Amino acid sequence: MEKYYHSVILDKELCMGCTNCIKKCPTEAIRVQQGKAKILNEKCIDCGECIRTCPYKAKIAQTDSWSLMENYKYKIALPAPSLYMQFDLKYTRVQILAAIKKLGFDYIYEVARGADIVTKASNLYIEKHKEDMPFISSACPAVVRLLRVRFPELLTRLMPMESPMEVSAANARREFCKMHNVSPEEVGVFFISPCAAKITSVKAPLVISKSNVDGVFGIKTVYPKLLRVLSKIDTSEVKLQATNGGVGWAVSGGEAVALNTENIISVDGIQNVVHVFEELEDGKLDDVDFIEASACTGGCLGGPLTVENLYVAKNRFRRYEEIRKEDIKPIDESEMTNIQFDKYPEYVDITTLDSDITVAMRKLREMNEIYKQLPALDCGACGSPSCRALAEDIVRGKANIESCIFVLRSRVRELAKEMMELEGLMPPVMEGHIVPEELKDDN
């Protein structure tokens, strides 16, 4: 059985059992039972939608401890492109990069450069494989995991490129070790992340055997540390490595803009992504060349580990100073080596009711019969996201049909009616007959 790692976890002390989260989850991975939410490991894709939805902050993303850096002699920071737009425009990219270095890092490698590299490699791949269009971006790990559990037929449409984060990590380590003549084992590479899905992709990668990243810190963790040092930094040793096109990957549509094709769909927000994939699966989008899909609304700028309002951050990006390609070190062939998938992700069937096919078929028939008894309102009051999900939970022994308030109310009414009918069948008491105390009418 597959082992699961998830960066999104539940704080039971904070959970109030409100059921807000169960309706937003794209894979029906949450239940509310006995007054507390429960995340089903095999269904969760770590998209972070529940983190955004929970009014009590009971869903959180596990990131690495800052102390993890102490395990390495040399430290490399990989800032996500979305980090820059968290700060007022009075702070330049160069200043932010210099501030990161001041936090104890020996080298900075912009993930935006990794995005530039993946853009170039993707354009070359599209040119050679036009007959296989449309392609789906593989940059968002939550989208890749969504395909894995809900849209297996679309898995081979993934652009077979590692994410900019992984490309950046591999290149950063190689460059640093070459410059300083040190062993790769002495170097720790740390990503500054806007989302939970990136953390999961490092701890449990799907398209490579082992991540090139050694640790992940959330932007929420790093942001206050940077604010404290931004006003007292030396920028003389820092140079920009990426174009505005690479930085633009932080915004929904940014990846698509950089590709050499205009027939592109850019979709953000996990529910919107689901709708687009359903249309693609139904053969309605075969004339499209490329689909850029982001689980977070607005792209990575809307990640649950960011600190700035999405729309403020987007406005900052629009006003960002243009960095010309001529001012950036050209991408060479060595930076583009080994950036394609080791393997395509494998489909995981989260609907299987039993490993024994005969038992599974029996349970499926039972589930369908139970579903017919439910109101098909999908209200979520039972703690399951839909009536079909409740039927599945009942068959799995995780719930009972009385969990549905409509079924329960109907049964209470039936029971009340039966009790009234029984009362009418009570034998009349003859005059003068002594009635036992327990049978006397209270009135």
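Preceding block: the structure.
Residues numbered from 1 in each chain as written. Predicted model: local features only at pLDDT ≥ 70, side-chain atom pairs only at ≥ 80, totals over all residues. Heavy atoms only, no water.

Peer 1: Please clarify how the pattern of salt bridges should be interpreted in this entry.
Peer 2: If the charged atoms of two oppositely charged side chains come close together, the side chains can form a pair. On inspection of all chains with the given rule, the structure shows 17 salt bridges. In this structure, glutamate 110 and arginine 93 form a salt bridge, with 2.8 Å as the shortest nitrogen-oxygen distance. Placement of glutamate 110 in the loop between strand S6 (107–108) and helix H4 (111–128) and of arginine 93 in helix H3 (residues 93–102) is noted, with a sequence separation of 17 residues between them. Across this residue pair, the class does not change: glutamate 110 and arginine 93 are buried. A salt bridge links glutamate 237 to lysine 101, with the shortest nitrogen-to-oxygen separation between them at 3.7 Å. (Salt bridge = Lys/Arg side-chain N within 4 Å of Asp/Glu carboxyl O. Helix = DSSP H or I, 4+ residues; strand = E, 2+ residues; numbered from the N terminus. Buried < 20%, exposed > 50% of the residue type's maximum accessible area, 1.4 Å probe, protein only.)

Peer 1: How should the side chain of threonine 243 be read in this particular structure?
Peer 2: For threonine 243, the location among the structural elements is in the loop between helix H8 (219–229) and helix H9 (244–247). Residues in contact with threonine 243, not counting those within four places in the same chain, are Arg93, Asp116, Ile323, Lys325 and Ile328. (Contact = heavy atoms within 4.5 Å.)

Peer 1: Any chance you could explain the environment of alanine 169 here in plain terms?
Peer 2: Mapped onto the elements of the fold, alanine 169 is located in helix H6 (residues 164–180). Classification of alanine 169 as buried rests on a relative accessible area of 0%. Taking the C-alpha atoms as reference points, alanine 169 and leucine 78, separated by 91 residues in sequence, lie 7.2 Å from one another. Beyond its immediate chain neighbours, meaning those up to four positions away, alanine 169 contacts Leu78, Val189, Asn212 and Val213.

Peer 1: Is there a simple way to think about the sheet that holds strand S10 (residues 264–268) in this case?
Peer 2: Remark on secondary structure: sheet strands pair via backbone hydrogen bonds, oriented parallel or antiparallel. Strand order in this open sheet of 3 strands is S7-S11-S10, and the pairing throughout is parallel. With one partner strand each, in any of the chains shown, strand S7 (135–136) and S10 form the two edges of the open sheet. In the packing of helix H11 (residues 270–281) onto the sheet, contacts are made with S7, S10 and strand S11 (290–294), and the angle to S11 comes to roughly 150°. (Pairing = 2+ DSSP bridges. Axes fitted to C-alpha atoms, helices over the stretch in contact; angles between N-to-C directions.)

Peer 1: Just checking my understanding: could you explain the packing of helix H5 (residues 141–150) against H11 for this structure?
Peer 2: Angle between the axes and distance between the axes are the two parameters that describe a pair of packed helices. With their axes 11 Å apart at the nearest point, H5 and H11 run at an angle of 50° to one another. Taken together, the axis directions place H5 and H11 in an arrangement best described as oblique. Between H5 and H11 the crossing geometry is right-handed. Where H5 approaches H11, its residues Val143, Leu146, Leu147 and Arg150 are matched on the opposing element by Ile270, Val273, Val274, Phe277, Glu278 and Glu281. A breakdown of the residues in the contact of H5 with H11 according to their chemical character gives 7 nonpolar, no polar and 3 charged. (Parallel < 35°, antiparallel > 145°, perpendicular 65-115°, else oblique. Left-handed = near helix turned anticlockwise from the far one by under 90°. Nonpolar A, V, L, I, M, F, W, Y, C, P; charged D, E, K, R; others polar.)

Peer 1: Got a minute to help me understand the pairing of S11 in this structure?
Peer 2: A regular strand places its side chains on the two faces of the sheet in alternate fashion. Across the 5 residues that make up S11, a large majority, 5, are buried. Of the two faces of S11, both are covered, the one formed by Phe290, Glu292 and Ser294 as well as the one formed by Ile291 and Ala293. Note: S7 against S11, 2 bridges, orientation parallel. Looking at the pairing, phenylalanine 135 lines up with phenylalanine 290 of S11. Of the strand pairs in this sheet, S10 and S11 are connected by 5 bridges, and their pairing is parallel. Counterpart to isoleucine 264 in the pairing with S11 is phenylalanine 290.

Peer 1: Before we go on, may I ask you to explain a nonpolar patch on the surface in this structure?
Peer 2: Where nonpolar side chains cluster on the molecular surface, the patch consists of Ile357, Met361 and Leu364 and spans about 280 Å² of accessible area. Summarising the element assignment, isoleucine 357 is placed in helix H13 (residues 357–373). With relative accessibility at 60%, the residue isoleucine 357 sits in the exposed group. (Patch = residues over 30% accessible without salt bridge, like charges linked within 9 Å, V, L, I, M, F, W, Y side chains within 5 Å. Areas by Shrake-Rupley, 256 points an atom, 1.4 Å probe, with all protein chains shown as cover.)

Peer 1: For this particular structure, what's the right way to read H3?
Peer 2: Counting along an α-helix, one turn takes 3.6 residues, and residues three or four places apart therefore face a common direction. Buried within H3 we find Arg93, Ile96, Leu97, Ala98, Ala99 and Ile100. Taken together, the buried residues of H3 touch strand S5 (74–79), S6, strand S8 (187–193), H8 and H9.

Peer 1: For this particular structure, what's the right way to read the nonpolar core?
Peer 2: Side chains that are nonpolar tend, in soluble globular proteins, to be buried together. One finds Ile30, Ile76, Leu78, Val187, Phe191 and Val213 to be the most contacted residues of the largest nonpolar core, which totals 55 residues. Other than its neighbours up to four places away in sequence, isoleucine 76 contacts Phe105, Tyr107, Ala172, Arg173, Phe176, Val187, Gly188, Val189 and Phe190. Core analysis: the next-biggest nonpolar cluster, separate from the first, contains 35 residues, Tyr84, Ala99, Val229 and Val247 among them. (Core = buried A, V, L, I, M, F, W, Y, C linked by side-chain atoms within 4.5 Å.)

Peer 1: Mind showing me how you'd approach the packing of aromatic side chains here?
Peer 2: For any pair of aromatic rings, geometry is given as the distance between the ring centres together with the angle between the planes. For the coordinates displayed, the defined rule picks out 12 aromatic pairs. With a centroid separation of 4.6 Å and an interplanar angle of 45°, the aromatic rings of tryptophan 66 and phenylalanine 217 are classed as tilted. Residue tryptophan 66 is found in the loop between strand S4 (59–61) and S5, and its partner phenylalanine 217 is found in strand S9 (residues 215–218); the two are separated by 151 residues along the sequence. Given a relative accessible area of 22%, tryptophan 66 falls into the partly exposed group. Looking at phenylalanine 217, the relative accessible area reads 0%, which means it is buried. Between the aromatic rings of tyrosine 125 and phenylalanine 135, the centroid separation amounts to 5.6 Å while the plane-to-plane angle is 65°, which identifies the pairing as edge-to-face. One end of the pair, tyrosine 125, is in helix H4; the other, phenylalanine 135, is in strand S7, with 10 residues separating them in the sequence. Comparing tyrosine 125 with phenylalanine 135, the two get one shared label, buried. Put simply, the rings of Trp66, Tyr72, Phe105, Phe190 and Phe217 touch in pairs and so form one group of aromatic residues. When the ring centre of tyrosine 84 is taken as origin, the NZ or CZ atom of arginine 93, which lies over that ring, is 5.5 Å away. When the ring centre of tryptophan 66 is taken as origin, the NZ or CZ atom of lysine 225, which lies over that ring, is 4.8 Å away. (Phe/Tyr/Trp six-rings, centres within 6.5 Å; stacked < 30°, edge-to-face > 60°. Lys NZ or Arg CZ within 6 Å of the ring centre and 35° of its normal.)

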